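# Observations on chain architecture
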Amino acid sequence: MRSLRVVLMAASMLSVVSLHAQTADEIINKHIEALGGKEKLASIKTVYTEYEMEIPGMGAAPGKTWLVNGKAYKNEVELAGQKIIQCFTDKSAWGLNPMMGQATPTEMPAEQAKVGMGQLDPGGPLFNYAAKGTTVDLVGKEALNGKDAFKLKLKTKEGVESLIWIDPTTYYILQSSVKVSGGGMDVETNLTFSDYKKTDYGNVIPSKTEINMQGVALNLTNKKTEINKEIDMKLFEMPKQ
């Protein structure tokens, strides 16, 4: 009987080890494969997208994004005849928002720039995360919209912390959350991703994104995606006044 108990205890310990063997890296590797695989994601140099943003009480607004891998990202949306721009590079960040009284291009605060730099990788925040100096911890599983999801905690080398929830079936990112400090307050932004589709290039991206910030929800629908289209770096330069 004593020997049987020892065997059962050993088996129990092995099951615990097996449970913990479901590491963050294993989840991330499956996530990368679900998006098209390491080679496919690593071969992406540029991404150009056109989308439509649904704004509560204001209808739809057209938008565009330009991404040069590791170097620059720019988002431009047209609202009521005005262009709202956010631009991040590996060295600086600037924005333009006439709707908020920002009539001329202005450099962004350092905290906001740090968060924006996370968009410079077309493979997403988990692709080659260690090489980028990011640490990832598996928090566990958590119910998200009635379904269990893997919950990961990320911290970039710049100190930006975020949470990511991954579908245990598809291994797509379901949601991400990040807090940004600015103007004496913390602003939490939640992104919910859905309707994942394969591009003509062969990688998989979400075609729908909901941005929820301070109780306001913006819904984005992808209309067009072009991979490795030539993009002029001058596009990311802040206009001189």
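This report concerns the structure included in the present document. (Residues numbered from 1 in each chain as written. Predicted model: local features only at pLDDT ≥ 70, side-chain atom pairs only at ≥ 80, totals over all residues. Heavy atoms only, no water.)

### Some words on helix α2 (residues 24-34)
Side chains that are three or four residues apart share a direction in an α-helix, a result of its 3.6 residues per turn. To be explicit about the condition: Exposed residues in this analysis have more than 50% of their type's maximum accessible area, buried residues have under 20%, and partly exposed residues fall in between, with area computed by a 1.4 Å probe over protein chains only. The helix and strand labels rest on DSSP assignments: H or I over at least four residues marks a helix, E over at least two residues marks a strand, and numbering proceeds from the N terminus. The directions from the helix axis to the C-beta atoms form the arc being described.
Residues Ala 24, Ile 27, Ile 28, His 31, Ile 32 and Ala 34 constitute the buried set of α2. Seen along its axis, α2 keeps its buried residues to an arc of 155°; they face one direction. Gly 36 lies just past α2 and shows a positive phi near 135°.

### Some points on the pattern of salt bridges
Once the charged atoms of two side chains with opposite charge are near each other, the side chains can pair. Operational definition: By definition here, a salt bridge exists when the distance from a side-chain nitrogen of Lys or Arg to a carboxyl oxygen of Asp or Glu is within 4 Å.
Going through the model one piece at a time under the given rule, you end up with nine salt bridges. Where Asp 121 meets Lys 132, a salt bridge forms, and the shortest distance between an N and an O atom there is 3.0 Å. One end of the pair, Asp 121, is in the loop between α4 (110-116) and β7 (135-144); the other, Lys 132, is in the loop between α4 and β7, and eleven residues separate them in sequence. A residue is classified by how much of its surface remains accessible, and Asp 121, at 16% relative accessible area, is buried.

### Description of the packing of aromatic side chains
For any pair of aromatic rings, the description consists of the separation of the ring centres together with the inter-plane angle of the planes. This is how it is decided: Put simply, two rings from Phe, Tyr or Trp (the six-membered ring, in Trp's case) pair if the centres are within 6.5 Å, and we call them stacked under 30 degrees between planes, edge-to-face over 60, tilted for the rest. Here, over-ring charges are defined by two tests on the NZ atom of lysine or the CZ atom of arginine: distance to the ring centre within 6 Å, and angle to the ring normal within 35 degrees.
By the definition in use, this model includes three aromatic pairs. On the basis of an interplanar angle of 45° and a centroid distance of 5.9 Å, the ring pair of Tyr 48 and Trp 66 is categorised as tilted. Of this pair, Tyr 48 sits in strand β1 (residues 46-55) while Trp 66 sits in strand β2 (residues 59-68); the two residues are 18 residues apart in sequence, bridging distant segments of the chain. A relative accessible area of 12% places Trp 66 in the buried class. Aromatic side chains Tyr 172 and Tyr 196 sit 4.2 Å apart centroid to centroid with 15° between the ring planes, which places their arrangement in the stacked category. Highlighted residues: Tyr 172 in the loop between β9 (161-166) and β10 (173-182) and Tyr 196 in strand β11 (residues 185-198), separated in sequence by 24 residues. The class of Tyr 196 is buried, set by a relative accessible area of 18%. One cation-aromatic arrangement involves Lys 229 over Tyr 48; the distance from NZ or CZ to the ring centre is 4.0 Å.

### A few points about the side chain of Asn 190
Cut-off, in case you're wondering: Whenever two N or O atoms come within 3.5 Å, that pair is a polar contact, provided that in protein one can donate a hydrogen and the other can accept it, and provided that, for residues adjacent in sequence, both atoms are side-chain atoms. Two residues qualify as a contact provided that any one of their heavy atoms is within 4.5 Å of a heavy atom in the partner residue.
The residue Asn 190 is located in strand β11 in this model. Polar contacts involving the side chain of Asn 190 include one to the side chain of Ser 177, which spans 2.7 Å. For Asn 190, the residues in contact, after removing those within four places along its chain, are Gln 175, Ser 176, Ser 177, Glu 210, Ile 211 and Asn 212.

### A short note on the nonpolar core
Note the following rule: Here, nonpolar core means buried Ala, Val, Leu, Ile, Met, Phe, Trp, Tyr and Cys residues that are tied together by side-chain atoms lying within 4.5 Å of each other.
Ile 28, Leu 126, Val 136, Leu 152, Ile 166 and Ile 173 are the most contacted members of the largest nonpolar core, which totals 31 residues. Of the residues forming this core, the biggest block, five residues, is contributed by α2. Ignoring any residue separated from it by four or fewer positions in sequence, one finds Val 136 in contact with Ala 24, Ile 28, Leu 126, Tyr 129, Leu 152, Lys 153 and Leu 154.

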